[in-house]
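Chain residues, written in single-letter form:
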Amino acid sequence: MKWEMFYKYGAKLCSVLFYVIGCLSIFNLVYHLSYLMSPTGDLAKSFGTFEPVYSNLTLVFDTQPLLYKDEEFIILSLAASIIMFVFILIFLRLMRNLLQHLHQESLFMLENVKILFKMGITILVLGSAFTFMDELLMTKALKEIHVTNASVTYTGLAYVDTFFTGIFVMILASALKVAVEAVEENKHTI
């Protein structure tokens, strides 16, 4: 009984987050485009200096590096942001559908198999692409740091995690498909 409440409110939370993240993605798109289209314009000035977001660490420079004014870097940051927001929005929509099915019906449905398979592909493709592009941004930014008594290197292999997570979810979906077929066969024999 308490899991049904979790599924019900989890699905509602995913719906709310979908719209909140959608609004944030539009803001992020305007933010990046203002620096690409008119870096000296009023809109870009209202945002202040361009500061890309990295997922794994925070870089704070005393003065803005020239890299942050480079158009290619801003385009890479925009592409990474778009992929991130599309990934989150698709994931939230799929999670909402899965939680609704769990609340209204049961786990053993072919629709849930399809949802899990789509979720696995989303994690595999978009999650890995975002993580890879985010690591590219971070690597370029780390080159701007001047350390006098050490060297800073970053091994960008975090996308491997999302790659294997996507494969795992797809394997889970295929295992659920076998279970769904067994449940359906069991219903027909009774």
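Everything below is about the structure printed above this text.
These lines cover the structure that appears in this document, whether it is placed above or below.

Cut-offs used in this document
- Residues numbered from 1 in each chain as written.
- Predicted model: local features only at pLDDT ≥ 70, side-chain atom pairs only at ≥ 80, totals over all residues.
- Heavy atoms only, no water.
- Helix = DSSP H or I, 4+ residues; strand = E, 2+ residues; numbered from the N terminus.
- Phe/Tyr/Trp six-rings, centres within 6.5 Å; stacked < 30°, edge-to-face > 60°.
- Buried < 20%, exposed > 50% of the residue type's maximum accessible area, 1.4 Å probe, protein only.
- Polar contact = N/O pair within 3.5 Å; in protein donor to acceptor, adjacent residues only side chain to side chain.
- Contact = heavy atoms within 4.5 Å.

The next thing to look at is the environment of V60. Here V60 is to be found in the loop between α2 (42-47) and α3 (71-104). In the structure, V60 is positioned 43 residues away from L17 in sequence and 29 Å away in space, judged by C-alpha atoms.

Turning to the packing of aromatic side chains, a few remarks are in order. Applying the stated criterion across every chain yields a total of 12 aromatic pairs. Ring plane angle 90 degrees and centroid distance 5.3 Å describe the contact between F18 and Y19, whose orientation is recorded as edge-to-face. Measuring from ring centre to ring centre gives 5.5 Å for F27 and F47, while their planes differ by 85 degrees; the resulting arrangement is edge-to-face. Of this pair, F27 sits in helix α1 (residues 2-37) while F47 sits in helix α2, and the two are 20 residues apart along the sequence. The class of F47 is partly exposed, set by a relative accessible area of 24%. An aromatic cluster of at least three residues, connected via ring pairs, comprises F27, Y31, Y35, F47, F50, Y68 and F73.

Relative to the helices and strands, T162 is located in helix α5 (residues 159-189). A distance of 3.0 Å separates the side chain of T162 from the side chain of S128, its partner in a polar contact. Those residues in contact with T162, other than ones at most four positions away along the chain, are I123, L124, G127, S128 and T131.

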